[in-house]
Every structure is written in structure tokens, then in C-alpha cells.
Amino acid sequence: MEPLFDFVDEEAAAEDVELETSQLPQVNDYLVNTKRLEQLFFFYEAGMRQMTTKLQILDREFQHSNDRNPIENIKSRLKSQESILKKMENRGLPLTIGSMVNNIFDIAGIRVICPFITDVYQIAQMLLSQSDVELIQMKDYIKDPKENGYRSLHLIVKIKVFLSNTTHQVPVEIQLRTIAMNFWASTEHQLRYKKDKEFTPQMHQRLKECADLMADADYQMQKLAEEIRF
């Protein structure tokens, strides 16, 4: 992925001597630099808001054409500084703003809940067809679920954010899933992260079985929708 916001990671800069000095992170480019972080988080929030508006418009457009909404709910969040630091430490990344910008792409996140599986793919296709939305990465956990049964369509996109005198490409992670997928993921998270309880292999297996049941229900509901020509 290409660098964002004109920041360059220190390791990349060391390998590429042709990079302009003005692009390099400064000495105080650590994540404790509150002022620079606030500025960057403003960009991420702007990108998240712009993407949310796009999704809302697509939902309304679809409603007028098909007399129903393909989006049940939209939620957005900015990853906390604590969560970003933990993720960077786990990946062995330098704890600098440049490293964060060039390696962490889910700081701005949006979750889109749809009634049917076909809605997930249709919304994704409509969004990606827009000229100012650039797909960076797609992971389809619906067609290829995670080992624990998790299902969702993950997109990382870049969107142009226009300010008074500048334009920035901002990465946003979008997770699209059905109501059933979201029910399982939300309750699984609540169960798995109960810190004072041990999660046994048998519990893992029961969760996987629940995910499979949810998936079967999803496909049955999809078939019913197709039969009545939704």
C-alpha cells in the first residue's frame, strides 16, 4: 500500500535514499505527539463521515428503486490510541505517527448491517463503482469463513477528503454483514472476551456450530427472498 498523508515510515526511508527529506518523519514523530495525532484523527473522522454519507445515499437510492432498504444499520468508530498502540506493538512496528499512517488501515471503521447476503455484495459493488473510492484490499469471510465461523465482507478503501485548501486520501475499513452474521459476531465477542472465564475447546466448537446454524438460516432467508423476487 502506498504511503498516506505524505508520511514515510522510518525503515522505508532508510532503504530509499531518494526520498525527499521533507517527507521524512521528524524527531518528535512519536505517538505521544498529541497535536499531530489530533490533526490526523480529524482526517480519519472526516473520511469516515464522508463514507457513511455515501452509504446512506446508496441506501435511499435503492429504497426509491426497489421499495425496500438494503441496509439495516450503519455504525462507525475511530480506533482508540490505546488500541492502535497495542496493535502496533503486536506487529513489531515503530511507535511513530509515520508508521501508524502507513501500516494501520482500520483506524476509521464502518460496520454495515444488511438484511440479505445479496445486499452485502450489491452495496459493496455500488460503493466501489464510485470514482473517488479506491479499493485497497478485500477479504471475503462470507465465501471463505474464518476457522471459528466468523463471516463478513471486509473492504479497505481510500476516499478523497477535500478540505479548504488541501486534499487527502484517507483509508477506511468497511465491514459488511447480514443481521444473522452480526448477531453471531456480537454475541461471540461478548462470550469469548469474558476475562475471568476459561474458554474451553468444547465452547469453541459450540460457537462454531452456532455460526453454521446462522449461516444456514441466512441462506434459507436468501432463497425465500429470491422466490418472492425481492
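Whatever comes next refers back to the structure up there.
Residues numbered from 1 in each chain as written. Predicted model: local features only at pLDDT ≥ 70, side-chain atom pairs only at ≥ 80, totals over all residues. Heavy atoms only, no water.

Chemist: Report on empty space enclosed by the protein, specifying residues and quantitative values.
Modeler: In this approach the atoms are scanned with a rolling probe the size of a water molecule, which exposes any empty space left behind. Following the criterion strictly, the structure yields two cavities of 30 Å³ or more and no others. The volume enclosed by the largest cavity comes to roughly 50 Å³. Among the elements of the structure, α6 (179–192) and α7 (201–227) are those that each provide at least two residues to the lining of the largest cavity. Broken down by class, the residue content of the lining of the largest cavity amounts to six nonpolar, one polar and one charged. (1 Å grid on protein atoms, 1.4 Å probe; cavity = no way out; pocket = protein on both sides within 12 Å on 5 of 7 lines; lining within 4 Å. Points joined across faces, edges and corners; volume = space filled by probe spheres on them. Helix = DSSP H or I, 4+ residues; strand = E, 2+ residues; numbered from the N terminus. Nonpolar A, V, L, I, M, F, W, Y, C, P; charged D, E, K, R; others polar.)

Chemist: Could you give an account of the layout of surface pockets, naming the residues involved and the relevant values?
Modeler: By volume, the largest pocket amounts to about 1,300 Å³. Put simply, the parts of the chain that give the lining of the largest pocket at least two residues each are β1 (73–78), α3 (81–90), β2 (108–114), β3 (133–140), β4 (153–162), β5 (167–178) and α6. When grouped by side-chain class, the residues that make up the lining of the largest pocket number 10 nonpolar, 11 polar and 14 charged.

Chemist: Please provide a residue-by-residue account of the packing of aromatic side chains, values included.
Modeler: Geometrically, a pair of aromatic rings is defined through the distance of the ring centres and the angle of the planes. Scanning the model with the defined rule gives three aromatic pairs in all. When the ring of Phe 42 is compared with that of Phe 43, the centres are 5.9 Å apart and the planes differ by 55°; the resulting orientation is tilted. Using a relative accessible area of 46% as the deciding quantity, one classes Phe 42 as partly exposed. A residue is classified by how much of its surface remains accessible, and Phe 43, at 7% relative accessible area, is buried. In this structure, Lys 146 packs its charged tip against the face of Tyr 141, placed 4.9 Å from the ring centre. Of note, Lys 146 hangs over the ring of Tyr 150, and the distance from its end group to the ring centre comes to 5.1 Å. (Phe/Tyr/Trp six-rings, centres within 6.5 Å; stacked < 30°, edge-to-face > 60°. Buried < 20%, exposed > 50% of the residue type's maximum accessible area, 1.4 Å probe, protein only. Lys NZ or Arg CZ within 6 Å of the ring centre and 35° of its normal.)

Chemist: Please provide a residue-by-residue account of the packing of α6 against α7, values included.
Modeler: Packed helix pairs are characterised by how far apart their axes lie and by the angle those axes make with each other. For the pair α6 and α7, interaxial distance at closest approach is 9 Å and the crossing angle is 165°. Considering their axes alone, α6 and α7 lie roughly antiparallel with respect to each other. Judged by the twist between their axes, the crossing of α6 over α7 is right-handed. The residues of α7 that touch α6, namely those facing Ala 180, Met 181, Phe 183, Trp 184, Glu 188, Leu 191 and Arg 192, are His 204, Leu 207, Cys 210, Ala 211, Met 214 and Asp 218. In the contact of α6 with α7, the residues fall into nine nonpolar, one polar and three charged. (Axes fitted to C-alpha atoms, helices over the stretch in contact; angles between N-to-C directions. Parallel < 35°, antiparallel > 145°, perpendicular 65-115°, else oblique. Left-handed = near helix turned anticlockwise from the far one by under 90°. Contact = heavy atoms within 4.5 Å.)

Distances and angles like these do not, on their own, reveal function.
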